[in-house]
Amino acid sequence: MRLSTNTLLAVLPVFVAAHADHHLHARAQQHARQVPAAAPPPPVASAAGSSSQANVVGTTSSQVAASQSSSPAVAGTSTLPAGSSAASVAGTTSSVSSAAVPSLTVQLQATNPTAVPLASIIPGQVSAATHPLPSTAVAGSVPTFLSNAPPLPTITGLLAANYPPPDRPAPTDSPEVQQWIKEVQDTGVVIPQFSPTNGIGGCANNTAAASDASRCWWTCGGCTRSTDITECPTAMDWGLTYDDGPAFYTPNLLEYLDQEQLKATFFVVGSRVFYNWNMLQSQYMGQHQIAVHTWSHFPLTSLTNEQIIAELGWSRKIIKDVLGVTPNMMRPPYGDIDDRVRAISLAMGLTPVMWTRISPLATFDTDDFNIANGQTSVQQVIQNWENIIGNATTRNSGFIVLEHDLFEQSVEVATGYILPDALGHKNPPFKIQPVIHCLNKDMTDAYIETNNNKTNPPAFQAAVSAGIVTVTGTAAGAKSTGKSAAVTSKSTAGSLWSLAGLALGGLMTLP
Ligand SMILES: *[C@@H]1O[C@H](CO)[C@@H](O)[C@H](O)[C@H]1NC(C)=O
Ligand SMILES: *[C@@H]1O[C@H](CO)[C@@H](O)[C@H](O)[C@H]1NC(C)=O
Ligand SMILES: *[C@@H]1O[C@H](CO)[C@@H](O)[C@H](O)[C@H]1NC(C)=O
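Here the structure is a predicted model, which means the values were calculated and not measured.

## Describing the overall build of the chain
Step number 1: Check the secondary structure of the chain and you find 15 helices and 13 strands.
Step number 2: Expressed as a percentage of its 511 residues, the buried residues of the chain come to 54%.
Step number 3: Across the chain, every contact between residues at least 6 apart in sequence was considered, and the portion connecting residues at least 24 apart equals 81%.

Okay, here's the thing in structure tokens:
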């Protein structure tokens, strides 16, 4: 089916409000990268105004001339040092860059003949046509690729009254959230007693938390635990992921993925699923992996335990309502996770999935999110990508890259440049697949209802076995007495966790 323009326009304001106007995303994004704050992003409201006008123009060259902006807005916000001299960067002239900025040439293995020209992938660009959704999702059909999956729910629309307001942390006093809080308590999980971080200003505004290694706070130092998925085990395997959708241009991405027979993992935002549930059904029936990216995309370490449960719970619930299955993986928005968020996620059956980080300045983040708001350029994103694969091809294990399907610009750089380049890489080729497959697991292992739990133990059980979370007594005991220390515990969680942190020191990846 084809999305009507009316649908697109109706959804746009919320979408913009969620991801641009309050600036939180951009700030937390900077905070995740440990770079100085830059100017707030301009609004992107004009971006999808005229959805019917296509500006797709063919290119014939496989060598893409890419200009690199030297504007201050770009410097300091990118993941990778501006002007870094990767082997793949050569030359200085460019036919597509504006004369005003110095340029560089990145040699890509291949580009898509129908790629949108780089010069057109800019903030506030004239919107290209959105493509029809693949017609894979028929209500009531059984996903035959997924043993034991229930039929696809028949949905004609989702009722706003059944969900919290979009794009802000959900209230915690609803019966649903109260039930999820109880379920977390019943696991007996010990949640570390860290005070929530200041969600604005990043590590600089959170000096005590940032220097507290026992938090294992990824944002400030890149700490991970052994249960976090940060890479694919096999060299040249790329766990393909897209965050923050489903959104207007998700169907364009799906069409390209279908054309190239690629499957991805989509970390979806519950508030976006509310508007674009039909896209989610297409993604799922198209055999992409669906995973949780919270209800409203706030930095999780800045929320209370109860709010974190609400963020994960509502996203999990709306996915289940739309697909009939419940994901068992999550990605924290901005990568913002610490041991408190980990404990809650794992107790809710969700394994955290990050993106590969090999040093403080080399996270595998294309920064594609920031083209739409003008904080980075498409040329810089392609440069970031080249640095990522430059490093990826020398690793002994595979990798996971941060990309987004929220904005037109990031979809266009993915389908026009990044994916074609990766597919053109032949000796050896990349194996591009959803995270669940790069872990050598079956798609049935990605959902609670279809996981047989034998070869793929549930997230919480696996984390307890690995010593990543601690339980008070036995979970059963906690249940029968109703005295679990979870959620509002005033127990000795802090010291337990310090000990765990010491014992697990070897598993932490600090810079
Ligand atoms: C946090 O950091 C920002 C700059 O990123 C600053 O403007 C703000 O005053 C800081 N303090 C608080 C309490 O947010
Ligand atoms: C690896 O990443 C770093 C940091 O972005 C970059 O400077 C370097 O050129 C990359 N290495 C290769 C071989 O591309
Ligand atoms: C697997 O474990 C989950 C979570 O503990 C549970 O909900 C589910 O019923 C289990 N499935 C099977 C087949 O045992």
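## Overview of the pairing of strand S6 (residues 265-268)
Step number 1: The side-chain alternation of S6 yields two buried faces, one formed by Thr-265 and Phe-267 and the other by Phe-266 and Val-268.
Step number 2: Pairing between strand S5 (residues 241-243) and S6: 3 bridges, direction parallel. What sits directly across from Asp-243, in S6, is Phe-267.
Step number 3: For the segment spanning S5, helix H5 (residues 250-259) and S6, crossover handedness is right-handed.
Step number 4: Direction of pairing for S6 relative to strand S7 (residues 289-292): parallel, over a ladder of 4 bridges.

## Side note on the environment of Gln-409
Step number 1: Turning to its location among the elements, Gln-409 is positioned in helix H11 (residues 408-424).
Step number 2: For the pair Gln-409 and Asp-368, spaced 41 residues apart in the sequence, the C-alpha separation amounts to 7.6 Å.
Step number 3: Gln-409 has contacts with Ile-121, Gln-125, Ile-371, Ala-372 and Val-378, leaving out every residue within four places of it along the chain.

## What to know about the site of ligand 3
Step number 1: Taken together, Gly-349, Ile-448, Asn-451, Asn-452, Asn-453 and Pro-458 make up the full set of residues near ligand 3.
Step number 2: Counted by class, the shell around ligand 3 contains 2 nonpolar, 4 polar and no charged residues.

## Points about unusual backbone geometry
Step number 1: Cis rather than trans, the peptide bond between Gly-245 and Pro-246 has omega equal to 0 degrees.
Step number 2: Here Pro-246 lies in the loop between S5 and H5.
Step number 3: For the peptide bond that leads from Asn-427 to Pro-428, omega is -5 degrees, which places it in the cis range.
Step number 4: With respect to the helices and strands, the residue Pro-428 is situated in the loop between H11 and strand S13 (431-433).
Step number 5: One non-glycine residue, Met-236, lies in the positive phi region at around 70 degrees.
Step number 6: Along the polypeptide, Met-236 turns up in the loop between helix H4 (207-211) and strand S4 (237-239).
Step number 7: For Gln-261, which is not a glycine, the phi torsion comes out positive at approximately 55 degrees.
Step number 8: Here Gln-261 is to be found in the loop between H5 and S6.

## Section: the nonpolar core
Step number 1: One finds Val-273, Leu-280, Ile-309, Ile-344 and Val-413 to be the most contacted residues of the largest nonpolar core, which totals 117 residues.
Step number 2: Broken down by element, this core gets its largest block of residues, 9 residues, from helix H8 (residues 305-323).
Step number 3: Beyond its immediate stretch of four places on either side in the chain, Val-413 contacts Ile-121, Asp-368, Ile-371, Val-378, Val-381, Ile-382 and Ile-418.

## Focus on the packing of helix H10 (residues 378-392) against H11
Step number 1: Close contact between H10 and H11 brings their axes to 11 Å; oriented N to C, the two are set at 35 degrees. Pair H10 / H11 crosses with right-handed handedness. Contacts from Val-378, Val-381, Ile-382, Trp-385 and Ile-389 of H10 reach H11 at Gln-409, Val-413, Tyr-417, Ile-418 and Ala-422.

## Describing the sheet that holds S13
Step number 1: Reading across from one edge, S12-S4-S13 is the order of the 3 strands in this open sheet, with parallel pairing throughout. Strands with a single pairing partner mark the edges of an open sheet, and in this sheet they are strand S12 (399-400) and S13.
Step number 2: Pairing of S4 with S13 involves 3 bridges; the strand directions are parallel. The partner of Gly-239 across the bridge, within S13, is Gln-433.

## Section: the packing of H8 against helix H9 (residues 339-347)
Step number 1: Where H8 meets H9, the axes come as close as 10 Å, and the angle between the chain directions of the two elements is 45 degrees. Here H9 runs oblique to H8, going by the angle between their axes. Relative to H9, the crossing made by H8 is right-handed. Taking contact as the criterion, the partners of Asn-305, Ile-308, Ile-309 and Leu-312 in H8 are, on H9, Val-341, Ile-344 and Ser-345.
Step number 2: Classifying every residue of the contact of H8 with H9 by side-chain character gives 5 nonpolar, 2 polar and no charged.

## Considering H11
Step number 1: Taking 1.5 Å of rise per residue, 17 residues should cover 24 Å, and H11 covers 23 Å from first to last C-alpha, within 8% of that figure.
Step number 2: Among the 17 residues in H11, 15 count as buried, and that is most of the element.

## Brief notes about H9
Step number 1: In terms of residue burial, H9 counts as a mostly covered element, since 9 of its 9 residues are buried.
Step number 2: For H9, the complete set of buried residues consists of Asp-339, Arg-340, Val-341, Arg-342, Ala-343, Ile-344, Ser-345, Leu-346 and Ala-347.
Step number 3: Among the residues trailing H9, Gly-349 stands out with phi positive, at a value near 80 degrees.

## Details of the environment of Ala-209
Step number 1: Mapped onto the secondary structure, Ala-209 falls in helix H4.
Step number 2: Assessed through the 19 C-beta atoms surrounding it within 10 Å, Ala-209 is described here as partly exposed.
Step number 3: Each C-alpha atom, one on Ala-209 and one on Asp-338, is 10.0 Å from the other, the two residues being 129 residues apart in sequence.
Step number 4: The residues touching Ala-209, leaving out its near neighbours within four places in the chain, are Thr-197, Arg-215 and Trp-217.

Calculation rules
- Note on numbering: residues in each chain are counted from 1, in written sequence order.
- Lettering of chains starts at A and numbering of ligands starts at 1, both following the order in which they are written.
- Residue-level local features of this predicted model are given only where pLDDT is at least 70; pairs of side-chain atoms are given and counted only at 80 or more, and the full residue set underlies all totals for whole chains, interfaces and linings.
- In this description a helix means any DSSP run of H or I spanning at least four residues, a strand means any run of E spanning at least two, and both kinds are numbered starting from the N terminus.
- Exposure criterion: with C-beta atoms placed from backbone coordinates, a residue whose C-beta has 20 or more other C-beta atoms within 10 Å is buried, one with 12 or fewer is exposed, and one in between is partly exposed.
- A pair of residues counts as a contact when their C-beta atoms, built from backbone coordinates, are separated by no more than 7 Å.
- The pairing criterion is simple: DSSP has to find at least two bridges between the two strands.
- A right-handed crossover is one whose linking path, passing over the helix from the first strand to the second, runs clockwise when the strands point away from the viewer.
- Throughout this description, a residue near a molecule or strand is one whose C-beta atom, derived from the backbone, lies within 6 Å of it.
- Each residue is assigned to one class: nonpolar for Ala, Val, Leu, Ile, Met, Phe, Trp, Tyr, Cys and Pro, charged for Asp, Glu, Lys and Arg, and polar for all the others, Gly among them.
- Only buried Ala, Val, Leu, Ile, Met, Phe, Trp, Tyr and Cys residues enter a nonpolar core, and they are joined through C-beta atoms within 7 Å.
- Interaxial angle, 0 to 180 degrees, is taken between N-to-C directions of lines fitted to C-alpha atoms, where a helix line uses only the stretch in contact.
- In a left-handed crossing the near helix is turned counterclockwise from the far helix by less than a right angle, and in a right-handed crossing that turn is clockwise.
- Roughly parallel covers angles under 35 degrees, roughly antiparallel covers those over 145, roughly perpendicular covers 65 to 115, and oblique covers all other angles.
- To estimate how far a helix should extend, the number of its residues minus one is multiplied by 1.5 Å.

Taken by themselves, the reported measurements are silent on function.
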